[in-house]
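What follows is the residue order along each chain.
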Amino acid sequence: MDISVVVPLYNEAESLPELTDWIRRVMREHHFTYEIILVDDGSKDDSWEVIQDLKKGHEQISGIKFRRNYGKSAALNVGFVAAQGDVVITMDADLQDSPDEIPELYNRVKNQGADLVSGWKQKRYDPPTKTIPTKLFNSVTRRMSGIHNLHDFNCGLKAYKKDVVKSIEVYGEMHRYIPVIAKWAGFSNIQEQVVQHYPRKYGTTKFGAGRFIKGFLDLLSIFFVGKFGKRPMHFFGTIGVMSFLIGIFITVYIISDKLISIANGTYYRNITDQPIFYLALVAVVIGTQLFLTGFVAELVSRNSTERNNYQIERVI
Ligand code: UDP
Ligand code: MG
């Protein structure tokens, strides 16, 4: 099978018939063999009934329904597990992404060696309350992840080589960072394609203003886990030891300063009257705590079943 189209959806009943018709039209025109995996993320409208109806007249459609709403990442993850096609394409259900982009995305992955092609909604049809923070978010992500050629990390329209979706795991709200996850997993050929974007035709957006705060925290944790997940001691230990040493250094200074003053018979303050004393105290305590945190984290990761989970590309 050439293509699996994975569509996460939450309360998108009105859009589904149009979306699947459009996908079918594109697939027929280009003679692709394909499947459409509709993942119903616990919709409360009649999306699931619509999916059942659609499936009757369209054998390439399959549907997966969550009992409750788990979020877009969970829906994508389940779709990735089910996907059989050589190229896996994800798109939103709300008709904001255009299926007309599929042939070019497919071509890039299949014939031009891309591991992942991410869409770029260069001209967006969303309110400015969304587009401006998004710009900021993208530039921070670009800098932190070192993927400098992407402008739009969170674009719903993306294409993957099958290997990629089978070796990454998307959870929480990590769907915003799939390119970063893929990069950490060792897939380095990440490309971008400018895509058409449309205003939402039916229904409303599913993400409120909270998306930016959560998004940023997710970025920090992804960055941290990717870099230090397998060796937490290197992170906590380094700053812990540094802080501890600074504290000790200051302590030695305070004590010797006082001893010298006593020996010379000059005036001296009580150690507890010196602000720097408290600095030393805090630095030593925090340093010790960080060191212990690193140690505990090391024990935790040692016990993890994932500790020797590596991405092996080939063996001969
Ligand atoms: N979605 C989902 N589960 C959720 C929220 C959203 O599957 O909990 C789907 C939604 O139905 C849509 C896609 O994720 O197909 C993108 O959502 P939306 O269009 O609301 O996001 P926006 O375009 O505003 O970024
Ligand atoms: Mg949308």
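In short, a report on the structure. (Residues numbered from 1 in each chain as written. Chains lettered and ligands numbered in written order. Predicted model: local features only at pLDDT ≥ 70, side-chain atom pairs only at ≥ 80, totals over all residues. Heavy atoms only, no water.)

Scanning the entire structure with this criterion turns up 16 salt bridges. The salt bridge partner of Asp 152 is Lys 121, with a shortest N-O separation of 3.7 Å. On the criterion of sequence distance, the pair formed by Asp 152 in the loop between helix 5 (128–145) and strand 6 (158–161) and Lys 121 in the loop between strand 5 (116–120) and helix 5 is long-range, its members being 31 residues apart. Using a relative accessible area of 3% as the deciding quantity, one classes Asp 152 as buried. Judged by relative accessible area, which is 10%, Lys 121 ranks as buried. (Salt bridge = Lys/Arg side-chain N within 4 Å of Asp/Glu carboxyl O. Helix = DSSP H or I, 4+ residues; strand = E, 2+ residues; numbered from the N terminus. Buried < 20%, exposed > 50% of the residue type's maximum accessible area, 1.4 Å probe, protein only.)

Quick look at the environment of Phe 291 now. By the element assignment, Phe 291 lies in helix 10 (residues 275–303). Judged by relative accessible area, which is 36%, Phe 291 ranks as partly exposed. The sequence separation of Phe 291 and Ile 276 amounts to 15 residues, and the corresponding C-alpha distance is 22 Å. Beyond its immediate chain neighbours, meaning those up to four positions away, Phe 291 contacts Met 233, Phe 236, Gly 237, Gly 240 and Val 241. (Contact = heavy atoms within 4.5 Å.)

Surrounding the magnesium ion (ligand 2) are the protein donor atoms Asp 94 (OD) and Gln 96 (OE1), at 1.9 Å. Relative accessible area serves as the criterion here: at 7%, Gln 96 is assigned to the buried category. (Donors = N, O, S within 2.8 Å, 3.2 Å for Na, K, Ca; no water.)

How two helices pack is summed up by the angle between their axes together with the distance between the axes. Relative to each other, helix 5 and helix 8 (residues 211–228) sit at 5°, their axes nearing to 11 Å. Regarding the angle of helix 5 to helix 8, the classification is roughly parallel. Contacts between helix 5 and helix 8 involve Thr 129, Lys 130, Pro 133, Thr 134, Val 140, Thr 141 and Met 144 from the first element and Arg 211, Phe 212, Phe 216, Leu 219, Leu 220 and Phe 223 from the second. For the contact of helix 5 with helix 8, a count of residues per class yields eight nonpolar, three polar and two charged. (Axes fitted to C-alpha atoms, helices over the stretch in contact; angles between N-to-C directions. Parallel < 35°, antiparallel > 145°, perpendicular 65-115°, else oblique. Nonpolar A, V, L, I, M, F, W, Y, C, P; charged D, E, K, R; others polar.)

Glancing now at helix 5. Taking 1.5 Å of rise per residue, the 18 residues of helix 5 would be expected to cover 26 Å, and the 25 Å separating its terminal C-alpha atoms lies within 8% of that figure. If you check which residues of helix 5 are buried, you get Lys 130, Thr 131, Thr 134, Phe 137, Asn 138, Thr 141 and Ser 145. Buried residues of helix 5, seen end-on, are gathered within an arc of 125° and therefore sit on one face of the element. Residues of helix 5 that are exposed and angled more than 90 degrees away from the buried face: Pro 128, Ile 132, Lys 135, Leu 136 and Arg 143. Taken together, the buried residues of helix 5 touch helix 7 (178–184) and helix 8. In the segment just after helix 5, Gly 146 is the residue with positive phi, at about 75°. (Expected span 1.5 Å × (residues − 1). Arc of directions from axis to C-beta.)

It is worth spelling out the site of ligand 1 at this point. Around ligand 1 sit 18 residues, and of these Glu 12, Asp 41, Asp 94, Lys 130 and Thr 205 come closest. Within the side chain of Asp 94, a nitrogen or oxygen atom sits 2.5 Å from an oxygen atom of ligand 1. With the chains in place, 94% of the 530 Å² that ligand 1 exposes on its own is no longer accessible. Partitioning the shell around ligand 1 into residue classes produces five nonpolar, four polar and nine charged. (Near = heavy atom within 4 Å. Polar contact = N/O pair within 3.5 Å; in protein donor to acceptor, adjacent residues only side chain to side chain. Areas by Shrake-Rupley, 256 points an atom, 1.4 Å probe, with all protein chains shown as cover.)

Moving on, we get to the environment of Gln 196. Topologically, Gln 196 is positioned in the loop between strand 7 (190–194) and helix 8. Separated by 93 residues in sequence, Gln 196 and Gln 289 have C-alpha atoms that sit 51 Å apart. The contacts of Gln 196, once residues within four sequence positions are left out, are Gln 96, Ser 98 and Glu 101.

A few words now on unusual backbone geometry. The phi angle at Asn 11 is positive, at roughly 55°, despite the residue not being glycine. Relative to the helices and strands, Asn 11 is located in the loop between strand 1 (3–9) and helix 1 (16–29). For Asn 11, a relative accessible area of 22% translates into the label partly exposed. Of note in this structure, Leu 95 is not a glycine but carries a positive phi near 65°. The residue Leu 95 is located in the loop between strand 4 (87–90) and helix 4 (102–111) in this model.

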